[in-house]
Every structure is written in C-alpha cells, then in structure tokens.
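Per-entry structural report
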Amino acid sequence: MEYRLLGHSGLKVSVLSLGTMTFGGQGKFAKTGQTDVSAAQRQIGLCLDAGINLFDTADVYSGGESEVILGKALGSQRHDVLVASKARFPMGDGPNDRGSSRHHILRACEASLKRLNTDYLDLYQLHEWDGQTPLDETLRALDDLVSSGKVRYVGVSNFSAWHVMKTLGVAAANHYIRPVSQQIHYTLQAREAEYELLPVAQDQGLGVLVWSPLAGGLLSGKYRRNQAAPEGTRHLADWGEPPVRDENALYDVVDVLVDIAGQRGVSAAQIALAWLIARPQVTSVIVGARNDTQLQDNLLAADLTLNSEEIERLNQVSQLPLLYPYWHQAQTAPDRLSAADLSLIAPYLKKPSS
C-alpha cells in the first residue's frame, strides 16, 4: 500500500481508504448497503490487512448509525487508524439542525465524537457549501475545535473552486485553521473536477479524496451497452449521483475498461480505480462495498499499475471538451501557463510541427 501526504500537511494517508456509507443501511441510505457491526469488523480487518489507514464517514449517513457502527467495529484499534467525518446536512427538524453555523458545527462535532466513541477526529470536513453562513464564523468554529484537541485537521467537500479559494482566503486573512483537503466526486465517467477543482488543489496544496470512484457502480462492468441491468440494481434513469447525461459516452468508457480488464485478467472496477490512483493530484480513493467480495476486489487496485498506453486509451475515451476560458488560453497563451493550468490544458495543446 502506498501512502501519500494529505495536501500541505504532514499526515500520510493510504491511496485507498474505506468509505462507510454502507454501514447502517437506514432510511435513504438502505439502497447503498446494510452493513452491520460484525460485517463492518470483517471489512475493517480486510482493509487493515491491505494497509488502509483512513476510514471515512459522516454524521448524516444512516442518521448517525454509520458512525456508531464504525466506532464499535474499530474498538481498540481506533488509535491505530485515521477517522474522518463530516457535518453540514440536516440531523434534525429544527432550523439550526443543519448548515455550517457555529451552533451547528460545534454540536455536530460533539455528537459525532460520542457516536464514534472517540475523543478526537483526525479529519473533520464541511460536507457541503453553506452560502448563508459567514465563512469567518464557520472557520472560527473549526479553529476552536482544533485548538481544543477535538479535531486534528479540517477539510471541505463538494465545494466549487471559488468556494475553495474563498475559504482559503478567509482562513489566511484571519489566521484560522486552513483546510488541508477537499473530498470530491471524480471518475472516468465524470471528469468535471479537472476544469478547476484539481488545478486549485495542485496550486494551493490541497489533498484530494475521491468519493464514489466507480460512479455508484456504473464503472464496475456490470452495466453494458444494449444489455439489461443486473437484477436488483438501478436503471440508468434512476441515477442522481452521478447523473448520466450521455449513455453512449458512458458505455464507450465501459467498453474500454472491460477490454483492458480482460487483457489484464482483472475486473473493470480495478482498472477504473487504478486510473484514479495514477492521477497526480489524487491523494486517496475512497472505496465502499456491499460485501466482502466487492471490497477484496477493490483492494487489489492498490497494487495495479496501468501502462502509458492503457492510461492514454482511458484518457481519450473519457476526455471532456475544453470550455471557455480554457480553450482561449490554450490558443493564445500556451507559453504562460502554470503547472496547475497545464494539468487541464496540456492534452489539448497542439504539438509543434517538426
């Protein structure tokens, strides 16, 4: 297992980490999985044996039950690993039971610590942008949590690039704790993060944690062109995360994944995960599984290295159109681009004629 520094921090995390949305299986989260304590213990054991050191959860997963199960399953091993949680979404019916206000963040953190049966969180993340709470209020609350020892590092999730930059700017101006990471959705099926979120991570020294790296199963190889969806799975029309805007484009990606996987003698899921691990801005890919078999298959991706030809095939079949102002920069300013600029634009630059 490879370990990478989490952004500009000195904290090292495994390139694969375990997401626990499947723990609990209550309410709307029942469709993701129904992992109980005993099953969670088995999965955590598999992860520890593979070298995973980061376990990611959130208060909203199954109404807090995911945190409860993770805490029980870790038991005495809690201090040997890193635990990350999140807050922002509704945890009650009251007007202040959501958002990133000081009131909600402090209460949410205390509740998460209790459910997890721990006295600190290694990484505490804002689960979503809150456009109604002043950032200095939110960041002061996070700063106080770090000062008190209840939180060690902070991060953000599902922010746009301008949200990230505003957060970093307010933190710097007020000498508050600076986020070390962003947790984002990024896959071969949905590469929008390459427009701004990955360049800002590279430019500002932020770690990148990737959630739902198999696009909710779309990239597992189970869904094929002109074939009925497997029994018990969703149809593409039911997808919200991620939305499927172009079925043909999705199946073009899946065709290449399946072809490379067949040549390698591995699963399509492992190829999709290995592509993400190889992306230079990615710190850790968060995998989750309904059962031990899925998890064991995903864990093998940590030792799978794609060659340059395989990566190029996957890049080409999933490449996004270059939006404005990036196409304009590519045409008019290729000599004045930073490394962060080039992380997006380089593949689109015309090669000089010989």
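See the structure shown above.
So, a few notes on the structure that sits alongside this text. Here the residue index of a chain counts from 1 through its sequence in written order. Where local features are concerned, this predicted model is filtered to residues with pLDDT of at least 70; where side-chain atom pairs are given and counted, the filter is 80 or more; whole-chain, interface and lining totals use all residues. Heavy atoms from the whole structure form the basis of all side-chain values; hydrogens and water molecules are not counted.

Things to note about the packing of helix H7 (residues 247–264) against helix H8 (residues 268–278)
Helix axes are fitted only over the stretch in contact, all axes being lines through C-alpha atoms; the angle between N-to-C directions runs from 0 to 180 degrees. Each helix is a run of DSSP H or I of at least 4 residues and each strand a run of E of at least 2, with the numbering of both proceeding from the N terminus. Viewed as axis vectors pointing N to C, H7 and H8 meet at an angle of 105°, and their least axial separation amounts to 8 Å. One finds that H7 runs roughly perpendicular with respect to H8. Contacts between H7 and H8 pair Leu-257, Val-258, Ile-260, Ala-261 and Arg-264 from the former with Ala-268, Ile-271 and Ala-272 from the latter. Under the convention adopted here, Pro, Cys and the residues Ala, Val, Leu, Ile, Met, Phe, Trp and Tyr are nonpolar, Asp, Glu, Lys and Arg are charged, and Gly plus all remaining residues are polar. In terms of residue class, the contact of H7 with H8 is built from seven nonpolar, no polar and one charged. Angles below 35 degrees are treated as roughly parallel, those above 145 as roughly antiparallel, those between 65 and 115 as roughly perpendicular, and all remaining angles as oblique. Working rule for contacts: check all heavy atoms of both residues, and any pair within 4.5 Å makes them a contact.

Points about the packing of aromatic side chains
Only centres within 6.5 Å qualify two rings of Phe, Tyr or Trp (six-membered ring in Trp) as a pair; their planes then separate them into stacked at under 30 degrees, edge-to-face at over 60, and tilted for everything else. The full count for this structure, using the stated rule, is six aromatic pairs. For the pair Trp-129 and Phe-159, a centre-to-centre distance of 5.4 Å together with 90° between the ring planes defines the contact as edge-to-face. Taken together, the residues Trp-129 in the loop between strand S6 (121–126) and helix H4 (135–147) and Phe-159 in the loop between strand S7 (151–157) and helix H5 (161–174) connect sequence positions 30 residues apart. Judged by centre distance (5.7 Å) and plane angle (55°), the ring pair of Tyr-186 and Trp-275 falls under tilted. Of this pair, Tyr-186 sits in the loop between strand S8 (181–185) and helix H6 (197–204) while Trp-275 sits in helix H8; the two residues are 89 residues apart in sequence, bridging distant segments of the chain. Only protein chains enter the accessibility calculation, which uses a 1.4 Å probe. A residue is then buried if its area is under 20% of the maximum for its type, exposed if over 50%, and partly exposed in between. Look at Tyr-186 and you get buried, because its relative accessible area is 0%. Lying over the aromatic face of Tyr-120, Arg-78 brings its terminal NZ or CZ to 4.1 Å of the ring centre. The lysine or arginine in question, Arg-152, covers the ring of Tyr-120, its NZ or CZ lying 3.7 Å from the ring centre. By definition, being over a ring means that NZ of Lys or CZ of Arg is both within 6 Å of the ring centre and within 35 degrees of the ring normal.

Describing the pairing of strand S3 (residues 16–19)
Covered by surrounding structure in S3 are Leu-16 and Leu-18 together with Ser-17 and Gly-19, the residues of both alternating faces. Here S3 runs beside strand S10 (residues 284–287); their pairing, made up of three bridges, is parallel. Counterpart to Ser-17 in the pairing with S10 is Ile-286. Looking at chain direction, S3 and strand S4 (residues 54–56) are connected through two bridges and run parallel. Bridge pairing in S4 places Gly-19 opposite Asp-56. Chirality of the crossover, the property in question, places the unit of S3, helix H1 (residues 37–50) and S4 among those that are right-handed. DSSP calls a pair of strands paired once it identifies at least 2 bridges connecting them. Seen with the strands pointing away from the viewer, any crossover whose path from the first strand over the helix to the second strand runs clockwise is right-handed.

A few points about the sheet that holds S4
Read once around its circumference, the closed barrel built from eight strands follows the order S3-S4-S5-S6-S7-S8-S9-S10, with strand pairing classed as parallel. When the angles between neighbouring strand axes are averaged without regard to direction, this sheet yields 30°. The sheet contact formed by S8 and strand S9 (residues 207–211) spans five bridges and is parallel. Within S9, the position partnered with Ile-184 by the bridge is Val-210.

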